[in-house]
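Structure at a glance
Okay, here's what each chain looks like letter by letter:
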Amino acid sequence: MRNPSLTTLEENYLFEEIAARARSYPKEELLNLGIGDTTLPLQSSIVHAFEKAAHELGDPTAYSGYESSFGRTGLREAIAKTIYKGTVDPDDIFVSDGSKCDIARLQQLFSSDCSVAIQDPSYPAYIGASKISGKDKIHFMPCTPENNFSPAPVDADLIYLCSPNNPTGHVMSHEELARFVAFASQKQSILIFDSAYSAFIQDPTLPRSIYEIEGSKQVAIETGSFSKTFGFTGVRLGWLVIPKELTFADGHSVRKDWITIASTCFNGASNLAQAGGVAALLEATPAAVRHYMQQASLLKKSIPLPVYGGENAPYLWVDLQGRSSWAVFDELLQRDKIITTPGVGFGPSGEGFLRLSAFAKPEHIRKAMEMNALY
Ligand code: MLT
């Protein structure tokens, strides 16, 4: 029998729908400011690490097969040291094949009876994966210019937060996050904090991890990603942090259950990807992040409409002043061959907005700016 939850999803996932609409145009004519896919090549230190790891796989004296389902020790330690400055135990870090897969897989930790609160607008995988796993009590937390894209907590068993936010670009302050941590601790909710864009935060006073907030290890899981920071969108590498301190309402360890799920359903991230991940953390420079943020800044200055984001996040959230986001998407695609992302695809509060990605190729950004398409 078919999973009945599938009937509650849109036929096409947002970025599939966009790709389908763009398919009728010659690819080489399109300017792609749509999906947040990286365009800079990998740094040479990462490429060398892949090459070395590939050679080892072909060497009978160095070959290795399966690794730990939770990630190799050196990578877990490098994440703890570089990303969390030693504030997170490497044993609480679980390496994976990417954040999107973790967002879907971690649903298995929770009963389908759980209610879920989601920022509206937000990355569509949160709601899709929740529904596919049978969770149909979904509550939206509207994020609009009126509340500075910072929602009030809504009572739910699971609360998804993404900061810097995809798509609005809003970064939650220490105070805003502390409010969610206090709320979760009072209501016995679990926060799922998506930090995929944390490396893009330019303002050093803003928090890059939920674990900068006191008491958060008792209430929060964090997802992290190599995709956007290091150009691993195709390589696939991410991680989850599930602190030992985090328990279900009955006192059972969430981390222990995750160990059961990960070892049952997952055989670990590719050993090549993990070798590249260690090099990325220990040897790569932040040049790619700087490049994408410069593009965000240029693009933002060129748009004659109210634009949010783009200062601590690689996305621009453009206020279309009352126009429908799919209508503007279609117009830009048909008239100017520019691919964007319609705000409503991220949730009802995204209607009337358009998201532009600063991960686009430089020539695509330049041509799109020259066209003044959004005038
Ligand atoms: C996006 O463009 O919103 C996403 O980053 C794409 C993804 O990571 O799945």
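Since the structure is predicted, the reported quantities are computational estimates derived from the model, not experimental observations. (Residues numbered from 1 in each chain as written. Predicted model: local features only at pLDDT ≥ 70, side-chain atom pairs only at ≥ 80, totals over all residues. Heavy atoms only, no water.)

**A look at unusual backbone geometry**
When glycine is set aside, most residues are seen to have a negative phi, and most peptide bonds are trans. This is how the line gets drawn: In this description a helix means any DSSP run of H or I spanning at least four residues, a strand means any run of E spanning at least two, and both kinds are numbered starting from the N terminus.
Residues Asp 120 and Pro 121 are joined by a peptide bond in cis, for which omega reads 10°. In this structure, Pro 121 sits in the loop between β3 (115–120) and α5 (124–132). Unusually for a residue other than glycine, Asn 148 sits at a positive phi of about 55°. For Asn 148, the location among the structural elements is in the loop between β4 (137–142) and β5 (158–162).

**Topic: the packing of aromatic side chains**
Definition in use: Ring pairs shown here join Phe, Tyr and Trp side chains whose ring centres sit within 6.5 Å, with only the six-membered ring taken for Trp; geometry is labelled stacked below 30 degrees between planes, edge-to-face above 60, and tilted in between. Each residue is assigned to one of three classes by its accessible area relative to the maximum for its type, calculated with a 1.4 Å probe on protein chains only: buried under 20%, partly exposed between the two thresholds, exposed over 50%.
Counted according to the given criterion, the structure contains 21 aromatic pairs. Here Phe 110 and Phe 248 contribute two aromatic rings whose centre-to-centre distance is 6.0 Å and whose plane-to-plane angle is 70°, an arrangement assigned as edge-to-face. Highlighted residues: Phe 110 in the loop between α4 (99–105) and β3 and Phe 248 in the loop between β8 (238–241) and α8 (254–265), separated in sequence by 138 residues. Overall, the relative accessible area of 19% leaves Phe 248 in the buried class. Here the aromatic rings of Tyr 197 and Tyr 315 are separated by 5.2 Å at their centres, their planes lie at 70°, and the arrangement is edge-to-face. Here Tyr 197 is found in the loop between β6 (190–194) and β7 (220–225), whereas its partner Tyr 315 is found in strand β10 (residues 315–319), with 118 residues between them in sequence.

**Brief notes about the packing of helix α3 (residues 73–82) against helix α9 (residues 271–283)**
Put simply, the test is: Each axis is a line fitted through C-alpha atoms, taken for helices only over the stretch in contact, and angles between the N-to-C directions span 0 to 180 degrees. Oblique is the label for any angle not covered by the other classes, which are roughly parallel (under 35 degrees), roughly antiparallel (over 145) and roughly perpendicular (65 to 115). Helix crossings are classified by the rotation of the near helix relative to the far one: an anticlockwise turn of less than a right angle makes the crossing left-handed, while a clockwise turn makes it right-handed. Contacts are assigned to residue pairs that have any heavy atoms within 4.5 Å of one another. Under this grouping Gly is polar, as are all residues other than the nonpolar Ala, Val, Leu, Ile, Met, Phe, Trp, Tyr, Cys and Pro and the charged Asp, Glu, Lys and Arg.
Closest axis-to-axis distance for the α3/α9 pair is 9 Å, and the angle between their directions is 25°. One way to sum up the angle between α3 and α9 is to call them roughly parallel. Of the two possible hands of crossing, α3 and α9 adopt the one that is left-handed. Listed contacts from α9 to Gly 74, Leu 75, Ala 78, Ile 79 and Thr 82 of α3 are Gln 274, Gly 277, Val 278, Leu 281 and Leu 282. Looking at side-chain class alone, the contact of α3 with α9 contains 6 nonpolar, 4 polar and no charged residues.

**Digging into the pairing of β6**
Note the following rule: Here, a strand pair is defined by DSSP locating no fewer than two bridges between the strands. Seen with the strands pointing away from the viewer, any crossover whose path from the first strand over the helix to the second strand runs clockwise is right-handed.
Burial analysis of β6 places 5 of its 5 residues in the buried class, which makes it a mostly covered element. Burial of β6 is two-sided: the residues Ile 190, Ile 192 and Asp 194 facing one way and the residues Leu 191 and Phe 193 facing the other way are all buried. Judged from the 5 bridges that link them, β5 and β6 form a sheet pairing that is parallel. Directly across from Ile 159, in β6, lies its bridge partner Leu 191. Following the backbone out of β5, through helix α6 (residues 174–187) and into the adjacent parallel β6, one traces a crossover that is right-handed. Inspection of the sheet shows β6 paired to β7 by 4 bridges, in the parallel sense. Counted as the bridge partner of Asp 194 is Thr 223 from β7.

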